[in-house]
Amino acid sequence: MIRYLLKQLAYMAATLLAVSFLVFALNEFAPGDVARKILGAYATQEQVDALTAELGLDRPLLVRYVEYLGRVFRGDLGESLIYKAPVADVLWDRLGNTLYLAAIAFAVVVPLSIMLGTLAGMREGSIMDRGISLFGVFVASVPEFAMGVFLASVFAVWLGWLPGTSQLTSGAGWSIASQLVLPVAVMVLYDMGYLVAMIRASMVEVMRQPYVRTAVLKGMSMPRVIFRHALRNAMIAPFTVILLQINYLVAGVVVVETVFAYPGFGRMMLEAALAKDIALIEAGALVAVFIAMLTQFVGDIGYAALDPRIRI
Amino acid sequence: MTTDTSAAPPRRIPFPRLAPALAGSPAAVTGLCIVGFWVLVALLAPVAAPYDPNQNNLAALADPTPSAAHWLGTDQFGRDILSRIMWGARTVLAIAPIAVAAATLLGAFLGLVAGYLRGWVDAAIARVCDVILSFPVIILYLVILAKFGASALNIVLVIAVTKAPIIFRIVRGVTMELRQREYVSAARMRGESFWYVLAVEILPNIRGPLSVDVCLRLGYTTIAIGVLGFLGIGLPPPDPDWGGMVKESYSLIFVWPHMALFPSLAVSSLVIGFNLLAIGLREGQRRA
């Protein structure tokens, strides 16, 4: 167990290192790029060269990368060009907002998907199963920006019940809670289709098992069969998939945050990418991969804990 | 001497035939109709679109809502939305298949080689694919497109790189199982070359599992192209693409919701079409 965990941790560290190098090389391979970015398009080539030499950017890529790593380990992520502030300040602030949104969406999407998936998988081929499965296909087919347009058209424009943007400032008389409803709804709907399908498939599989048939035949009531026998086993396979949704909910919400002007991590990455804010892109990419690795790691451990057949 | 072949595994994994899949599945028929509709729209756009998609009709700006002259209205620059949606269908239906084809070729090639050779080649390719898959796709788009800029070619490349690992996993799994089959060993023993075994003995059996996946992949790629357009890192303006149309008009949703609604409906319906078709094909395959 310990050996397995250490191996996984080493693998995570190696991946993070590889990704950080790739992102660094991609952005800073050409020596003039960074200085050009700082000085702007109207600086002369001589000025760019001078600043490049002054900042030591004309030295080999590997040397600069090792220096960069050293700074990162000391907690210095550099300065953000667009926010005119240390990257660390911007990053943690935005990440906090996104974690807030993601936590709410996760708390809604998981129980809802388990409920719908179980209801659908309980009786394969029933009207309920077909209805829920079709609903799942529909919500998974609508891109987040289109779902945002549909929901905002109905609930913000037509009915006027909710605000169309979620900037987290209590302006225009909308409470923070009401601002979170539409972004969370879009995230939940988009994510749900996939989760429901996975849980349904697992449930169908379990319901075909002999022990479930035995329980039914000995006269046990259906809710008891589901809760006592089927559900726990049906949740083993989708467990990892459920945890991997954290990945999407935290790092993949660029679109939802852009639709609703939500000041989160995703929109920060989009702004950084559009403005070529290199320090911010590098730090953000590292955080995104770190979150991805962490959820995978927790998923592996949890999976082993849930399934007694797996010993790691 | 007679040999009993009934217990032997089937030589070929069945390739889902379109006709039987369609016959038994309302989902597949609906999906095919929707996709067929958009293909027709895309093909006919140059002759059937009522206006030039980039032409600004300033007179229409007084009232851009749907009217007899502009069935779906105009956008805030006075451009006809119907014409832009029709031309936008051309964009997405040209880029999505090319991107999916590129991802499938890359993923299938790597999957065949890795699944057949196993060993360190397999381990190395699988690791790289794991890293790509663990990256949130959209962050990868941002990092790559921020560096290389937005163009049709870059969109195709980004999608190929991010989708290929999924194809790789499917093909690798099937190949690993197929290489144990007797006809593959037979081919190897009669001295056929490495590439011959891959291309003639294994490749034809990959088509079945892949064809369903290609449909799903087309749906996801349509979403991806829309998302890139919406984020402003898709095709450069002014040429119409559905995601870009939503991006331009979204801030006006409280004044003229139709400008963002129609392209949103267009992209959603096409993805639903692809996904329904995929479900129909999968059911057909299971029945076969």
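Residues numbered from 1 in each chain as written. Chains lettered and ligands numbered in written order. Predicted model: local features only at pLDDT ≥ 70, side-chain atom pairs only at ≥ 80, totals over all residues. Heavy atoms only, no water.

Enquirer: So what's going on with the overall build of chain B? Which residues, and what values?
Expert: Each helix and strand in chain B was counted, giving 10 helices and zero strands. Taken along the three principal axes of its C-alpha coordinates, chain B extends 85 × 45 × 30 Å. Considering chain B as a whole, with its 288 residues, one finds that 50% of them fall into the buried category. Within chain B, residue pairs in contact and separated by at least 24 positions form 77% of the contacts whose partners lie at least 6 positions apart. With an accessible surface of roughly 12900 Å², chain B has 68% of that area assigned to carbon and sulfur atoms. If you average the places of the 22 positive and of the 16 negative side-chain charges in chain B, the two averages end up 8 Å apart. (Helix = DSSP H or I, 4+ residues; strand = E, 2+ residues; numbered from the N terminus. Buried < 20%, exposed > 50% of the residue type's maximum accessible area, 1.4 Å probe, protein only. Contact = heavy atoms within 4.5 Å. Areas by Shrake-Rupley, 256 points an atom, 1.4 Å probe, with all protein chains shown as cover. Lys, Arg positive; Asp, Glu negative; His and termini not counted. Charge placed at Lys NZ, Arg CZ, Asp CG, Glu CD.)

Enquirer: Provide a residue-level description of a negative patch on the surface, including the pertinent values.
Expert: Negative charge collects at one region of the surface, where A:Asp76, A:Glu79, A:Asp89 and A:Asp93 lie side by side. Along the chain, A:Asp93 falls in helix H5 (residues 87–122). (Patch = residues over 30% accessible without salt bridge, like charges linked within 9 Å, V, L, I, M, F, W, Y side chains within 5 Å. Salt bridge = Lys/Arg side-chain N within 4 Å of Asp/Glu carboxyl O.)

Enquirer: Lay out empty space enclosed by the protein in plain terms, naming residues and giving numbers.
Expert: Residues and elements named next belong to chain B. Counted under the stated rule, the structure contains two cavities of 30 Å³ or more. Here the largest cavity is characterised by a volume of approximately 40 Å³. If you go around the largest cavity, the residues you meet are Asp75, Gln76, Ile81, Arg84, Met245, Glu248, Ser249 and Met259. Among the secondary structure elements, those contributing two or more residues to the lining of the largest cavity are helix H3 (81–117) and helix H9 (242–249). Take the lining of the largest cavity: its biggest share by element is three residues, from H9. Within this model, the second largest cavity holds a volume of roughly 40 Å³. (1 Å grid on protein atoms, 1.4 Å probe; cavity = no way out; pocket = protein on both sides within 12 Å on 5 of 7 lines; lining within 4 Å. Points joined across faces, edges and corners; volume = space filled by probe spheres on them.)

Enquirer: Could you give an account of the interface of chain A and chain B, naming the residues involved and the relevant values?
Expert: The interface is formed by 46 residues belonging to chain A together with 37 residues belonging to chain B. Approximately 3600 Å² of surface area, both sides summed, lies buried where chain A meets chain B, with 79% of it carried by carbon and sulfur atoms. Between the two partners, chain A and chain B, sit zero salt bridges. Elements supplying a minimum of two residues to the side of chain A that touches chain B: helix H1 (2–28), helix H6 (127–141), helix H7 (144–158), helix H11 (236–251), helix H12 (254–259), helix H13 (265–274) and helix H14 (278–306) of chain A. When residues in the side of chain A that touches chain B are grouped by element, the largest group, nine residues, is from H7(A). A class-by-class count of the residues in the side of chain A that touches chain B yields 34 nonpolar, 10 polar and two charged. (Buried area = accessible area lost by both parts, 1.4 Å probe. Nonpolar A, V, L, I, M, F, W, Y, C, P; charged D, E, K, R; others polar.)

Enquirer: Describe in detail helix H3 (residues 45–54) of chain A, supporting the description with residues and values.
Expert: Residues and elements named next belong to chain A. All of the buried residues in H3 are Val48, Leu51 and Thr52. Down the axis of H3, the buried side of the element spans an arc of 105 degrees, and every buried residue falls inside it. Exposed side of H3, more than 90 degrees from the buried face: Glu46 and Glu54 are the residues found there. (Arc of directions from axis to C-beta.)

Enquirer: Quick rundown of the packing of H1(A) against helix H5 (residues 137–148) of chain B? Include the residues and the values.
Expert: Packing of H1(A) against H5(B) brings their axes to within 10 Å, and their N-to-C directions diverge by 20 degrees. On the basis of their axis angle, the class for H1(A) and H5(B) is roughly parallel. The two elements H1(A) and H5(B) meet at a crossing, and its hand is left-handed. From H1(A), A:Val23, A:Leu26 and A:Asn27 reach across to H5(B), where they touch B:Val143, B:Lys147 and B:Phe148. Class assignment for the residues of the contact of H1(A) with H5(B) results in four nonpolar, one polar and one charged. (Axes fitted to C-alpha atoms, helices over the stretch in contact; angles between N-to-C directions. Parallel < 35°, antiparallel > 145°, perpendicular 65-115°, else oblique. Left-handed = near helix turned anticlockwise from the far one by under 90°.)

Enquirer: Break down unusual backbone geometry for me, citing the residues and quoting the values.
Expert: The backbone of A:Lys84 sits at a positive phi, close to 50 degrees, despite the residue not being glycine. With respect to the helices and strands, A:Lys84 occurs in the loop between strand E1 (79–80) and strand E2 (85–86).

Enquirer: How would you sum up the packing of helix H2 (residues 26–48) of chain B against H3(B)? Please name residues and give values.
Expert: Residues and elements named next belong to chain B. Running from N to C, H2 and H3 cross one another at 125 degrees; their axes reach a closest spacing of 8 Å. Overall, the two elements H2 and H3 adopt an arrangement that is oblique. Handedness of the crossing formed by H2 with H3: left-handed. Only Ile85, Met86, Trp87, Ala89, Arg90 and Leu93 of H3 make contact with H2, whose side of the interface consists of Trp38, Val39, Val41, Ala42, Leu43, Ala45, Pro46 and Ala48. Considered class by class, the residues forming the contact of H2 with H3 number 13 nonpolar, no polar and one charged.

Enquirer: Requested: an account of the domain arrangement of chain A, with residues and values cited.
Expert: Residue and element names in this part refer to chain A. Taken domain by domain, chain A consists of domain 1 (2–73) and domain 2 (87–306). Between the C-alpha centres of domain 1 and domain 2 the distance comes to 34 Å. Interface of domain 1 and domain 2: buried area, both sides summed, is about 1400 Å²; carbon and sulfur atoms make up 78% of it. Here domain 1 and domain 2 share zero salt bridges between them. Counting residues per element, the ones that place at least two in the side of domain 1 that touches domain 2 are H1 and helix H2 (32–39). Sort the elements by how many residues they give to the side of domain 1 that touches domain 2 and H1 lands first, with 13 residues. (Domains from an automatic or database assignment.)

Enquirer: Give a detailed account of a nonpolar patch on the surface, specifying residues and quantitative values.
Expert: Residues B:Val39, B:Leu40, B:Leu43, B:Leu44 and B:Val47 make up a contiguous nonpolar surface patch of about 480 Å² in total accessible area. By the secondary structure assignment, B:Leu40 is in helix H2.

Enquirer: Could you give an account of helix H7 (residues 182–189) of chain B, with specific residues and numbers?
Expert: All names here are of chain B. Taken together, the buried positions of H7 are occupied by Tyr183, Val184 and Ala187. On an axial view of H7, the arc spanned by its buried residues comes to 105 degrees, and they lie on one face. H7 presents Glu182 and Met189 as exposed residues on the side facing more than 90 degrees away from its buried surface. Within two residues after H7, Gly191 carries a phi angle of roughly 90 degrees, on the positive side.

Enquirer: Would you mind going over the pattern of salt bridges in detail, with residue names and values included?
Expert: Residues and elements named next belong to chain B. Within the structure shown, the criterion is met by 13 salt bridges over all chains. Here Asp130 ties to Arg169 by a salt bridge, and the two come within 2.9 Å at their closest N and O atoms. Taken together, the positions of Asp130 in helix H4 (residues 119–134) and Arg169 in helix H6 (residues 152–178) put the pair 39 residues apart, joining distant regions of the chain. The class for Arg169 is partly exposed, based on a relative accessible area of 47%. Salt bridges sharing partners connect three or more residues here, namely Asp75, Arg79, Arg84 and Glu248.

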